[in-house]
Amino acid sequence: MIKPLQYVSRIKPYVPGKPVKELERELGIRDSIKLASNENPLGPSPKALEAVKELLSADGGLNRYPDDSGYYLKNALSERLLFGGNGSRAKISSDEIILGNGSNSLIDVAVRTFMGPGDEAVMGFPSFVFYPIAVGSVGGVSIEVPLVDYRHDLTAMSDAITEKTKIVFIANPNNPTGTINKRDEIERFMERVPEGVLVVMDEAYYEYVRDSEYPDTLKYLREGRDILILRTFSKAYGLAGLRIGYGIAPKTVISEMDKIRGPFNTNSAAQVAALRALKDDEHLRRTIDINERGKDFLYKDLGAMGIRYVPTEANFIYMPLNIESKNIYNALLKTGVIIRTVGPKAIRVTVGLLEENRRFIESLKKIKEL
Ligand SMILES: *Cc1c(COP(=O)(O)O)cnc(C)c1O
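Residues numbered from 1 in each chain as written. Predicted model: local features only at pLDDT ≥ 70, side-chain atom pairs only at ≥ 80, totals over all residues. Heavy atoms only, no water.

Engineer: Which parts of the structure should I look at to understand the packing of helix H5 (residues 103-114) against helix H6 (residues 130-137)?
Structural biologist: The relative placement of two packed helices is expressed as an angle between their axes plus a distance between the axes. Following both chains from N to C, one finds H5 and H6 inclined at 35°, their axes separated by 9 Å at the closest point. H6 is crossed by H5, and the crossing has right-handed handedness. Two secondary-structure elements touch here, H5 through Asn104, Ile107, Asp108 and Val111 and H6 through Phe130, Tyr131, Ala134, Val135 and Ser137. Considering only residue class, the contact of H5 with H6 consists of 6 nonpolar, 2 polar and 1 charged. (Axes fitted to C-alpha atoms, helices over the stretch in contact; angles between N-to-C directions. Helix = DSSP H or I, 4+ residues; strand = E, 2+ residues; numbered from the N terminus. Left-handed = near helix turned anticlockwise from the far one by under 90°. Contact = heavy atoms within 4.5 Å. Nonpolar A, V, L, I, M, F, W, Y, C, P; charged D, E, K, R; others polar.)

Right under this line is the structure:
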């Protein structure tokens, strides 16, 4: 029998949130809700849906390969992405952008571009579970630095950098805790990162952040730093099912990643949908608004129930528990509410529509152990 590489067989698999249909099949129930994968509860922008419908016709061009260069989407992104600060605002150019089949795939491409067996990547713990999988897939070593107060401990993370370190991953906001590291902390951290180490700023929840001290990381690109900023259309833009995200980095980083990302790595539907979604400011505004209202509602009711939670800058809430998270997870499942466990003693809940949030609270109230 063929054997996988040893470092591949050591990888712990990614466990996705349970799909609603699967739960309903298993339990024979209906009207379940999924608050497990940080998806946009409003759905995609109607304008994005229109764009996809146009493709689904005889002359829509689905017999053709997608535009490998992602010309229109990259142009639109470059129009929108401006270096901030100091009054001077310059555009990011298209050759500083790479598109990916979800930003997950760009994590993978970055790792394959810059790491080999024995190389190290520094990351927080708990943080995004895909980082150690990507690192493990090339035989790299993940150095996991515990969070402090549910936030990345950037001092400890910079202390963890060695000669072997190639990448530092910072999820900002962090998944699963929803916390951010602020401008001045990031600034001090960047001062301490030696040359030759790529800082991956994973900003998957960028659009949701309300804190005015959230860093503008594009500034580090202008300063010529080795930084890769990752964003996605899967979360606030509601296009998780189409798989499209993007990375912003110096041209020299992008051109190397471009070589191995694989041809046609983003599909035609994803490209047109993302392009239209990007221009639908109204839908994005509604998305953020419903998230803010959901946060307020959940904070208030969780507070009233005496349940601890970590205030979030994203579209999900982390709750540290005193009891087994699996028990809460299973009890909620039985009522048709899907959430996520984070380790043995915490859960993560996506902020949903107001009705869904209410349903989650009602289900929670029925759990006696809490
Ligand atoms: C959801 C998420 C992503 C990316 O998801 P894609 O769907 O692959 O774009 C990346 N990083 C974090 C921290 C996430 O939570």
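From this point, things continue past the structure.
Engineer: Would you mind going over unusual backbone geometry with me for this structure?
Structural biologist: Keep in mind that most residues, glycine aside, have a negative phi and that most peptide bonds are trans. For the bond from phenylalanine 125 to proline 126, the omega torsion is 0°, close enough to zero to count as cis. Relative to the assigned elements, proline 126 resides in the loop between strand S3 (120-125) and H6. Here the amide bond leading from asparagine 175 into proline 176 is cis, since omega sits at 25°, within 30 degrees of zero. On the secondary structure map, proline 176 appears in the loop between strand S5 (165-171) and helix H8 (183-192). Backbone geometry at aspartate 31 places phi at a positive 55°, although glycine is not the residue there. On the basis of relative accessibility, which here comes to 59%, the residue aspartate 31 falls in the exposed class. (Buried < 20%, exposed > 50% of the residue type's maximum accessible area, 1.4 Å probe, protein only.)

Engineer: Please explain the sheet that holds strand S12 (residues 346-350) as it appears in this structure.
Structural biologist: For sheets, the rule is that strands pair by backbone hydrogen bonds, running either parallel or antiparallel. If you trace the 3 strands from one edge of the open sheet to the other, you get S9-S12-S11, paired in antiparallel fashion. The open sheet terminates on both sides in strands that have one partner only, identified here as strand S9 (316-320) and strand S11 (340-341). (Pairing = 2+ DSSP bridges.)

Engineer: Honestly, the pairing of S9 in this entry has me stumped. Any pointers?
Structural biologist: Remember that side chains alternate between the two faces of the sheet whenever the strand is regular. Counting buried positions over the 5 residues of S9 gives 5, a clear majority of the element. Of the two faces of S9, the one holding Phe316, Tyr318 and Pro320 and the one holding Ile317 and Met319 are both buried throughout. Examined bridge by bridge, S9 and S12 share 5 bridges and lie antiparallel to one another. Looking at S12, one finds that proline 320 is bridged to alanine 346.

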